[in-house]
Amino acid sequence: MNKIIFLDIDGVLNSNLGNNGHEKEISDGTLIDPEKIQLLSELVKNTGAKIVLHSGWKFWFDSNLHPLRKEAYHLLKLLRRENIAIDSVTPDHSTEEIKRNKKFSLVKATEILAWLEEHEEVEEWIVIDDLDLHNQEVEAHQLRIDSSVGLTASDVHKAEIMLRKGGSL
């Protein structure tokens, strides 16, 4: 694994754009946008990068990356249609309070850095997320997505440049 995409789901592969009134939580799985999956597929195919899930969605998979919830099954089905897969997940550094309040952004950076420490073969990496990750080293590699629209073709272009330049713009 030489190139890695640390992928968030909510606000990246889905958005509140189609959720009139925002009455539904976007993490319910039904709002995953197949067009966003196609864009992600383009990025993976153009760069040869592997996907590491650092989203709260990682809790919806078992240790073998088999889905535990219908939302995770739906995500995998959409990824498979584009011939891409989740290769790994970051370790869990969250507390029960973080899980209860869905404040995963507080630990995502330490989880990413811990994963990287265990995978010294990684040469280039980026983080695709819509949230502030509270860590300068990680944020230097972050492509921050506008959660109101999710992943765009412009974002994919920037991500390709970042993966060619060692993870930063």
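For the structure given in this document, a descriptive report is provided here. Computed from a predicted model, the values in this text were never measured in an experiment.

Strand order in the open sheet made by the five strands is E3-E2-E1-E4-E5, with parallel pairing throughout. Where the open sheet ends on each side, the last strands, each with one partner, are strand E3 (86-89) and strand E5 (142-144). Averaged over neighbouring strand pairs, the angle between their axes works out to 30 degrees when direction is ignored. Contacting strand E1 (3-7), strand E2 (50-53) and strand E4 (124-129), helix H1 (residues 34-47) runs over the sheet at an angle of about 165 degrees to E1.

Right, let's talk about the packing of aromatic side chains for a bit. On inspection of all chains with the given rule, the structure shows three aromatic pairs. Relative to tryptophan 115, the ring of phenylalanine 6 lies with its centre 5.4 Å away and its plane at 85 degrees, an arrangement referred to as edge-to-face. A residue pair is termed long-range when its members are at least 10 positions apart, and phenylalanine 6 in strand E1 and tryptophan 115 in helix H4 (residues 105-118) qualify at 109 residues. Side by side, phenylalanine 6 and tryptophan 115 carry an identical accessibility label, which is buried. For the ring pair phenylalanine 6 and tryptophan 125, a centre distance of 5.9 Å and an interplane angle of 85 degrees mean the geometry is edge-to-face. Taken as a pair, phenylalanine 6 in strand E1 and tryptophan 125 in strand E4 lie far apart in primary sequence, 119 residues in all. The same class applies to phenylalanine 6 and to tryptophan 125, which are both buried. Every member of this aromatic cluster is reached through a ring pair, and the members are Phe6, Trp115 and Trp125. Positioned above the aromatic ring of tryptophan 60 is the side chain of arginine 69, whose terminal nitrogen or guanidinium carbon lies 3.9 Å from the ring centre.

Turning next to the nonpolar core. Core analysis: the biggest nonpolar cluster contains 33 residues, and Ile5, Leu7, Leu13, Leu40, Leu75 and Ile128 have the highest contact counts within it. Beyond its immediate chain neighbours, meaning those up to four positions away, isoleucine 5 contacts Leu43, Val44, Ala49, Lys50, Ile51, Val52, Ile126, Ile128 and Leu163. One finds Ile4, Leu116, Trp125 and Val138 within the second-largest nonpolar core, a separate group that totals 12 residues.

Its location among the elements puts threonine 90 in the loop between E3 and helix H3 (96-101). Polar contacts involving the side chain of threonine 90 include one to the side chain of lysine 58, which spans 2.9 Å. Aside from chain neighbours lying at most four places away, what touches threonine 90 is Phe6, Val52, Leu53, His54, Lys58, Glu111, Ile112 and Trp115.

Definitions and limits used
- Residue numbers here run from 1 along each chain, matching the order of that chain's written sequence.
- Per-residue local features are limited, in this predicted model, to residues with pLDDT of at least 70; the limit for side-chain atom pairs, both in listing and counting, is 80 or more; totals at the level of whole chains, interfaces and linings are taken over all residues.
- As a convention, hydrogens and water are excluded, and side-chain values are obtained from all of the structure's heavy atoms.
- We treat two strands as partners when DSSP finds at least two bridges between them.
- Helix numbers and strand numbers start at the N terminus; a helix is a DSSP run of H or I with at least 4 residues, a strand a run of E with at least 2.
- In this description, a line fitted to the C-alpha atoms serves as the axis of each element, helices being fitted only across the stretch in contact, and the angle between N-to-C directions of two axes falls anywhere from 0 to 180 degrees.
- Note on contacts: a residue pair qualifies if any of its non-hydrogen atoms lie within 4.5 Å across the two residues.
- Between the rings of Phe, Tyr and Trp (Trp by its six-membered ring), a pair exists once the centres lie within 6.5 Å; its type follows the angle of the planes, with under 30 degrees stacked, over 60 edge-to-face, and the other angles tilted.
- In this scheme, a residue with accessible area under 20% of its type's maximum is buried, one over 50% is exposed, and one in between is partly exposed, where area comes from a 1.4 Å probe on protein chains only.
- By definition, being over a ring means that NZ of Lys or CZ of Arg is both within 6 Å of the ring centre and within 35 degrees of the ring normal.
- Here the nonpolar core consists of buried residues drawn from Ala, Val, Leu, Ile, Met, Phe, Trp, Tyr and Cys, with membership extended through side-chain atoms lying within 4.5 Å.
- For the purposes of these results, a polar contact is taken to be a pair of N or O atoms within 3.5 Å, where, inside protein, one atom must be able to donate a hydrogen and its partner to accept one; residues adjacent in sequence count only when each atom of the pair is a side-chain atom.

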